[in-house]
Amino acid sequence: MTQWKKIEQQASEMISAATLRKSMLQKVCSLLQQTVPHYDWVGIYTMDPEQRRLKLLCFEGLPTEHTSIPYGKGICGQVAESGEALFVDDVRLEDNYISCNVLVRSEVVYPIFSGDRLVAQLDIDSNKSGPFGPEDRKLIGRICEQIGEKWPLAGF
Ligand code: SME
């Protein structure tokens, strides 16, 4: 079994066995950050449609001061408005980008849908430029789909 397949399987078991949403999401962030060498920071932002802000729910990696981001601002804010994933190979070329850490070179923000409702985003920062390939896309897409299916779980 490839390393990618192994990580996908571990995440999938974690998600399907979960009874509490936040602790499951924290475990998934830790798994990804610890097993994929180019994932330096992995976090989950949830949507707050009333305030039109993203709220940082959990993460693994260095702490960030960006725990609340307005819709439209940064890569996360753009995905909040479009509902479409963004893979950014070089964050230095982006105009609408919020820097969490000067070491970050690239970023993925992937939407999580519960049914047709955008409920959260998986955000991954990498200190390498352009590290994301087809295996990353497959793994991230699969994990976000499964998290979305389990979203109705109770809170913490
Ligand atoms: N870089 C993000 C902000 C979140 S941090 O990466 C943790 C953005 O531009 O939206």
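Scroll up for the structure.
All of the points below concern the structure found in this document. (Residues numbered from 1 in each chain as written. Predicted model: local features only at pLDDT ≥ 70, side-chain atom pairs only at ≥ 80, totals over all residues. Heavy atoms only, no water.)

1. Observations concerning the site of the ligand
Spelled out, the test is: Throughout, the term near means that a residue has one or more heavy atoms lying within 4 Å of the molecule or strand in question. We call two N or O atoms a polar contact when they sit within 3.5 Å, provided that within protein one can donate a hydrogen and the other can accept it, with sequence-adjacent residues counted only if both atoms are side-chain atoms. Methods summary: accessible areas were calculated by the Shrake-Rupley approach with a probe of 1.4 Å, and residue burial reflects only the protein chains presented. Secondary structure elements are taken from DSSP: a helix is a run of H or I of four residues or more, a strand is a run of E of two residues or more, and numbering for both begins at the N terminus. Basically, the charged four are Asp, Glu, Lys and Arg, the nonpolar ten are Ala, Val, Leu, Ile, Met, Phe, Trp, Tyr, Cys and Pro, and anything else, Gly included, counts as polar.
Close to the ligand lie W41, Y45, I69, G74, I75, C76, Y97, I98, C100, E107, D123 and D125, which account for all nearby residues. Within the backbone of I98, one N or O atom sits 2.7 Å away from a nitrogen atom of the ligand. Side-chain polar atom of E107 to a nitrogen atom of the ligand: 2.9 Å apart, as the coordinates give it. With the chains in place, 100% of the 310 Å² that the ligand exposes on its own is no longer accessible. Secondary structure elements with two or more residues in the shell around the ligand: β1 (41-48), α3 (74-82) and β6 (117-126). Along the lines of polarity and charge, the residues of the shell around the ligand split into eight nonpolar, one polar and three charged.

2. A few points about the packing of aromatic side chains
The geometry of two aromatic rings is summed up by the distance between their centres and the angle between their planes. Going by this rule: In this scheme Phe, Tyr and Trp rings, the latter by its six-membered ring, pair at centre separations within 6.5 Å, and the angle between planes marks the pair as stacked below 30 degrees, edge-to-face above 60, and tilted otherwise. To sort residues, take the accessible area from a 1.4 Å probe on protein chains only and compare it with the maximum for the residue type: under 20% means buried, over 50% means exposed, and anything in between is partly exposed. Only Lys NZ and Arg CZ are tested; either one counts as a charge over a ring when it is within 6 Å of the ring centre and within 35 degrees of the ring normal.
Under the definition given, this model contains four aromatic pairs. Relative to F132, the ring of Y39 has its centre 6.3 Å away and its plane inclined at 45 degrees; by these criteria the two rings are tilted. Linking Y39 in the loop between α2 (21-35) and β1 with F132 in the loop between β6 and α4 (134-150), this pair joins segments that are 93 residues apart in sequence. Residue classification places Y39 among the buried positions, given a relative accessible area of 1%. Cluster of aromatic residues (ring-pair linked, three or more members): Y39, F87, Y110 and F132. Directly above the ring of W151 sits R21, whose terminal nitrogen or CZ lies 4.2 Å from the centroid. Between the NZ or CZ atom of R137 and the centre of the ring of F87, over which it lies, the distance is 3.9 Å.

3. A word on the sheet that holds strand β4 (residues 86-88)
Strand pairing in a sheet relies on backbone hydrogen bonds, with the paired strands running either antiparallel or parallel. Inclusion rule: Pairs of strands are assigned from DSSP output, requiring at least two bridges between the strands. Every axis in this analysis is a line fitted to C-alpha atoms, fitted for helices over the stretch in contact. Angles between the N-to-C directions lie between 0 and 180 degrees.
Spatially, six strands are ordered β3-β2-β1-β6-β5-β4 in an open sheet, and the strand pairing comes out antiparallel. Pairing within the sheet leaves two strands with one partner each, and these edge strands are β3 (68-70) and β4. Neighbouring strand axes in the sheet, compared pairwise and without regard to direction, differ in orientation by 25 degrees on average. Both strand β5 (residues 106-114) and β6 contribute to a ladder of nine bridges, which runs antiparallel. The residue bridging F113 from the neighbouring strand is L118, located in β6.

4. Description of the nonpolar core
Inclusion rule: The term nonpolar core refers to a set of buried residues drawn from Ala, Val, Leu, Ile, Met, Phe, Trp, Tyr and Cys, joined through side-chain atoms within 4.5 Å. Contacts were defined at the residue level, with two residues in contact if any of their heavy atoms lie within 4.5 Å.
One finds L32, Y39, I112, L122 and I147 to be the most contacted residues of the largest nonpolar core, which totals 29 residues. Sorting the residues of this core by element identifies α1 (3-17), α2, β1, β5, β6 and α4 as the ones contributing at least two each. The greatest single-element share of this core, amounting to six residues, is contributed by α2. Once residues lying within four places of it in the same chain are set aside, the contact partners of I112 are I44, R117, L118, V119, A120, Q121, L122, C144, I147, G148 and W151.

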